[in-house]
Structure formats: C-alpha cells, structure tokens
Amino acid sequence: MEECAGLGVAALAGEYHSVVARAAATGADALGLPFLCSSAVLDTLTERPTEWVARLSPPQSRGWRVYADFLLDAGHRRIAVATQPSVYWATGTRILRDHLAPRGGTVTELDMSALTPAAVCDALVDRGATALLLLVGHPDPAVPIVESVRGDHRLAEILIGAPAGQPEFAEWATPLGAAIPFLRYLPERLGPLGAQVETALCERLGQAPSFVAFEGYDTVTVLAEMLRSHGTDRARIAESWPHVAVEGTRGQIRFSRTPGVSVWQWAGPPIHIADRDPAEPDRFRIRHTG
C-alpha cells in the first residue's frame, strides 16, 4: 500500500483474502488512498470507521448466517467444524454458534493442528454430528479430511460443507468436490450484463468464471465510472462512495453505511448456497437462497 501511494496511484482494487484485505484496508485508511475491496468478507476491515475504503462482497456475518439457516432448514442441529487457527475461521465459527444456539443448534470445534483426518471421523461419530464444515486450507488438510470422511461407512449420511466457497473453483470439479454446499455471491440467474460478461470471461479463461471473477469485473466497472465522473484526485474519489450508482454484473451497485461495518458497503450483493452435482461435477445446483 505504501509503495502504491508513493507511485501516485489514484485508487486500488482487491483483495481476495480477508486477512490480507484487513491489512490493506488499514493501510489505505492511514495513507488516504481509496481502496475498493472486491471479495474479502471480514466484517471489521478497519478498526475505526473510514471514508477511504468500500467493499462489494457481503459482510461475513450476513453470509454465514445465511449458511446457518440453510443447515437448520436441512435439519442439521449438531454441527462440527474442522478448523485451523485464523481470525477468519474463528470469526466464522462464532457467527455460526451465535446464530445456531438460540435455535437449538450446537457447534463443536475440531482443531486440525491436533487431529488427523481419521481422528476427525472418530470425533464426528462420538459427538453424533450430522454436518461437518471445512474451515481449513485447500488442498491440505481439506482433501484428506473429505477422503477420510467419505471413506468411513459410519458417516455415510453426514453433510460436508465449505461455507467459505472453496468448491466454487475448478480444482474441486471432481467427484470428491461434489455435494459440498458453499456460499456463492451470485444471483440465481444473471441479467443481460452478467450473461454478456460471463460469455466473454468463458472465452478468455477457457472455463466458466467463478463468482470471484464477477466481483473483480464489478470492481473495475465501479472504479472506472468513479474516475470518469470525479477525476483522479484521491479525496474526491473517497467523497464519492455514497453517490455511486453503477449497473454491475450482479445488480445495481450502491454503497451505504451498514451497522457493525466500518467501511462503505454494497448492501445488496446476492447470496445463495450451491454445490456441485455428483452426477456432473461441472454443474452447480442451488440449494438455498439468502
């Protein structure tokens, strides 16, 4: 962030990883550098309210509560999470627990720094869990966990989920990655602009674009319109967040202040929960809409 500020850039776009985005947003606030965050969802991107940062992706508290509702609607009350040390995973676990507990749900944490995949299976059986959520890195330990759970006849009925969205990506388009519900920030059906961009991205990428690609396209679209309308002065750009009204690939984009969120927030990004069809892992099925 310091290097970009020194180079005289007018604004920055990003960031894919929530923990990195928090550091970037803090730097942008300190340096007075407009920063449009594309994909990171941590509610608290900056410790104090800032005029310099805006975000397109929904706050984690919104998305993960939608996921908790999906679990409840599907009859799951005893949830286990395979997790690793990270502020992102810890925050997600807390959101799930806080939303599920008043509705009769429980969340058990399985620390993957201390457990093997085989031990995870034993713990799931001992606790009577009906759903296991992967709050871990990919491919390791996520893939060994999935292989171990799916190979254990005692756990034939258990749901494996990945709310952070890992199965969206092409490397999960295998039978191993099928039937793992995840959060997806897309509408059920794309509008004309979204469909047009999807076709162009398919041609460019050689495969169907992930929802992250649409987030990236929308980020560039918003910043381009802001620069056309307000020039390259950083302060003028930052002052214009509440006046943005841009048609994106997933709907009309406007920024507002959201309780508990310290940055300018697009309040309307669509959310649904999808998984890959076991019979055709390249095809997504919508399981729940938030």
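This text goes with the structure placed above it.
What you see is a predicted model, and the numbers here were worked out from it, not measured in a lab.

A closer look at the pattern of salt bridges
Consideration 1: Taken as a whole and judged by the stated rule, the model has 11 salt bridges.
Consideration 2: One salt bridge in this structure joins Asp29 and Arg48, with 2.8 Å as the shortest N-O distance. Placement of the pair is Asp29 in helix H2 (residues 18-31) and Arg48 in the loop between strand E2 (35-37) and strand E3 (53-55), with a sequence separation of 19 residues.
Consideration 3: The partner of Arg250 in a salt bridge is Asp218, with the nearest N and O atoms 3.0 Å apart. Placement of Arg250 in the loop between strand E9 (246-248) and strand E10 (251-253) and of Asp218 in helix H8 (residues 211-230) is noted, with a sequence separation of 32 residues between them.
Consideration 4: In this structure Arg250 comes out as buried when scored by relative accessible area, which is 6%.
Consideration 5: Each of Asp122, Asp152 and Arg154 takes part in a single network of salt bridges with overlapping partners.

Side note on the side chain of Thr91
Consideration 1: Here Thr91 is to be found in helix H4 (residues 87-100).
Consideration 2: Residue Thr91 is classed as buried on the basis of its relative accessible area of 12%.
Consideration 3: Engagement of the side chain of Thr91 in a polar contact is seen with the backbone oxygen of Val87, the distance being 2.7 Å.
Consideration 4: In this view, Thr91 contacts Leu42 and Gln60; residues no more than four positions away in its chain are not counted.

Side note on the sheet that holds strand E13 (residues 272-277)
Consideration 1: Read from one edge to the other, the open sheet built from three strands follows the order E8-E13-E14, with strand pairing classed as antiparallel. At either margin of the open sheet sits one strand with a lone partner, and together these are strand E8 (182-184) and strand E14 (280-289). Mean inter-strand twist for the sheet, computed between neighbouring axes without regard to direction, equals 45°.
Consideration 2: Judged from the six bridges that link them, E13 and E14 form a sheet pairing that is antiparallel. Its bridge partner being in E14, Asp277 is matched across the sheet by Glu280.

Concerning the packing of aromatic side chains
Consideration 1: Counting across every chain of the model gives six aromatic pairs.
Consideration 2: Seen from their ring centres, Phe182 and Phe284 are 5.9 Å apart, and the 75° between their planes marks the pair as edge-to-face. Remark: Phe284 occurs in strand E14 and Phe182 occurs in strand E8; sequence separation between them is 102 residues.
Consideration 3: Here Phe284 falls in the partly exposed class, since its relative accessible area comes to 22%.
Consideration 4: On the basis of an interplanar angle of 75° and a centroid distance of 5.3 Å, the ring pair of Tyr185 and Phe211 is categorised as edge-to-face. Linking Tyr185 in the loop between E8 and helix H7 (192-205) with Phe211 in helix H8, this pair joins segments that are 26 residues apart in sequence. The two residues Tyr185 and Phe211 agree in class, both being buried.
Consideration 5: Put simply, the rings of Trp64, Tyr88 and Trp89 touch in pairs and so form one group of aromatic residues.
Consideration 6: The lysine or arginine in question, Arg184, covers the ring of Phe284, its NZ or CZ lying 4.0 Å from the ring centre.

Some points on the environment of Ala129
Consideration 1: Residue position: Ala129 is located in the loop between helix H5 (117-127) and strand E6 (131-135).
Consideration 2: Distance in space between the C-alpha atoms of Ala129 and Ser39 is 31 Å, their sequence separation being 90 residues.
Consideration 3: Setting aside residues up to four positions removed in sequence, Ala129 forms contacts with Arg78, Ala80, Leu124 and Ile158.

Thresholds applied
- Residues numbered from 1 in each chain as written.
- Predicted model: local features only at pLDDT ≥ 70, side-chain atom pairs only at ≥ 80, totals over all residues.
- Heavy atoms only, no water.
- Salt bridge = Lys/Arg side-chain N within 4 Å of Asp/Glu carboxyl O.
- Helix = DSSP H or I, 4+ residues; strand = E, 2+ residues; numbered from the N terminus.
- Buried < 20%, exposed > 50% of the residue type's maximum accessible area, 1.4 Å probe, protein only.
- Polar contact = N/O pair within 3.5 Å; in protein donor to acceptor, adjacent residues only side chain to side chain.
- Contact = heavy atoms within 4.5 Å.
- Pairing = 2+ DSSP bridges.
- Axes fitted to C-alpha atoms, helices over the stretch in contact; angles between N-to-C directions.
- Phe/Tyr/Trp six-rings, centres within 6.5 Å; stacked < 30°, edge-to-face > 60°.
- Lys NZ or Arg CZ within 6 Å of the ring centre and 35° of its normal.

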